[in-house]
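# Results of the structural survey
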Amino acid sequence: MTRYTRNAMGMAGLLAVAMLAMAVAPALAQSPAEVDAALKAAYAKYKDLKEGANADYIPALAKVDPNIYGIALVTVDGKVYTAGDVSSEVSIQSISKVFTMAKVIEEQGTQAITDNMGVDATGQVFNSIVAVEQYRGAEMNAMVNPGAITATSMVKGASRDEIWKKILGFYSEFAGRQLTVNQEVYKSEAETNQRNQAISMLMYAYGHIKENPLQACDIYTEQCSVSVNAKDLATMAATLANGGKNPVTGKQVMGTGNVPEVLAVMATAGLYDDSGKWLYLTGLPAKSGVGGGILAVSPGKFGIAVVAPPLDKAGNSVKAQKAIADVSNALGGNPYAVKPR
Ligand code: GLU
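Residues numbered from 1 in each chain as written. Predicted model: local features only at pLDDT ≥ 70, side-chain atom pairs only at ≥ 80, totals over all residues. Heavy atoms only, no water.

## Some details on the site of the ligand
What counts here: Any residue with at least one heavy atom within 4 Å of a molecule or strand is counted as near it. Shrake-Rupley sampling with a 1.4 Å probe provides the accessible areas, and residues are treated as covered by the protein chains on show and by no other component. Buriedness of a pocket was judged along seven lines, with at least five required to meet protein on both sides within 12 Å; pockets are open sets of points on a 1 Å grid over the protein atoms alone, cavities are sets where a 1.4 Å probe fits but cannot get out, and lining residues have an atom within 4 Å of a point. More than half of a molecule's atoms within 2 Å of the grid points is what it takes for that molecule to sit in a cavity or pocket.
All residues in the neighbourhood of the ligand are listed as Tyr57, Gln93, Ser94, Phe126, Asn145, Glu189, Asn196, Tyr220, Cys224, Tyr272, Gly289 and Val290. Across the complex, the protein chains shield 99% of the 290 Å² of accessible surface that the ligand would expose by itself. The cavity that encloses the ligand is the largest cavity.

## Notes on the side chain of Glu189
Formally: In DSSP terms, a helix is any run of H or I states spanning at least four residues, a strand is any run of E spanning at least two, and both are numbered starting from the N terminus. Here a residue-residue contact requires only that any non-hydrogen atoms of the pair lie within 4.5 Å.
Looking at the element boundaries, Glu189 is found in helix H9 (residues 183-192). Not counting residues within four places of it along the chain, the set of residues in contact with Glu189 comprises Ile58, Gln93, Asn196, Thr221 and Cys224.

## Let's talk about the layout of surface pockets
The criterion, for reference: Grid points are joined across faces, edges and corners, and a volume is the space filled by probe spheres set on the points. Here the term charged refers only to Asp, Glu, Lys and Arg, the term nonpolar to Ala, Val, Leu, Ile, Met, Phe, Trp, Tyr, Cys and Pro, and the term polar to all other amino acids, Gly among them.
For the largest pocket, the calculated volume is near 360 Å³. Together, 19 residues line the largest pocket, and Ser153, Met154, Val155, Ile163 and Glu211 are the ones closest to its centre. Broken down by secondary-structure element, the contributors of at least two residues to the lining of the largest pocket are helix H7 (145-154), helix H8 (160-175) and helix H11 (213-224). Residues belonging to the lining of the largest pocket are distributed by class as follows: six nonpolar, nine polar and four charged.

## Considerations on the environment of Ala320
As for its position among the elements, Ala320 is in helix H15 (residues 318-331). Along the backbone, Ala320 and Ala42 are 278 residues apart, and their C-alpha atoms lie at a distance of 9.8 Å. Setting aside chain neighbours within four positions, we find Ala320 in contact with Ile294 and Val306.

## Description of the pairing of strand E1 (residues 70-75)
Heads up, the condition is: Only protein chains enter the accessibility calculation, which uses a 1.4 Å probe; a residue is then buried when its area is under 20% of its type maximum, exposed when over 50%, and partly exposed in between. Two strands qualify as a pair provided that DSSP identifies no fewer than 2 bridges between them.
Counting buried positions along E1 gives six out of six residues, so the element sits mostly inside the fold. In terms of strand pairing, E1 meets strand E2 (residues 80-84) through five bridges, oriented antiparallel. Each residue of the ladder has a partner; that of Leu73, found in E2, is Tyr81. Pairing of E1 with strand E7 (residues 302-307) involves six bridges; the strand directions are antiparallel. Directly across from Gly70, in E7, lies its bridge partner Val307.

This is the structure:
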């Protein structure tokens, strides 16, 4: 009997060891205290930085409190770290382009994107009409306005309302909570978006937008007005870092196989004209918006986001770039940086 018990315990011990070996390795090599310290250090380092200015070409953005500053990091195993103000919300703006592109790929496959707007950086500003003219609306990407509005026009639905509900629902699944629209920002941009309307008509004229170009522009304007905080954006980024599965809610939001293409376009065109500089510095696919948010993805490790409205000349949040680079570098987030075997 004694012998039997000992054997049984031995088996159980072996089983426990095997199960431990099979258990998924933690997302980060650092301890929670170290991750927390990295966020707190970056927060403190840039808290009083006064560089940059709010975007003002959309009047409502000029009125946003320039002192909002929050950092959030969500690991692929669902741990959430924050520093500063992660509850104040800003409009998502261009960061929305990532998720509408993802929706189109989900519905129509990756080829639909290459066929209809391309995946190359334009070398022009995000709302360039020259970029449209250069290749008759092709050879661009879904992170600049002509490609982004075209992507919005490709989301299928029987009515404007149905299309909109799909888009907002998709964003909300990435964020892990029901997102809403900042109506003041939407109204303000809708009153002043004549340039985007012109871009939409041109993309229609060149056959990339098939119908309702001004409806596409209007839905695009509404998607840019979705209200988010740093934690929402970090969770959205973490969902991309985790193969399309939201690590907080556990929901598979998009196909794992469709994520790499989305990250590739973020890497080449996510930070406007400074996308190359950013990739050189961090190696992270990222996307910024003129509302003052930036999210970045360390594939297989974490999503990180900062909200801080003042922007540099390229249109990227000053504090967000610095804080994300610091935290990612402290945690080994650069996917190109590997140790030799
Ligand atoms: N809604 C803005 C626009 O189309 C987004 C710009 C941005 O965040 O880059 O001008």
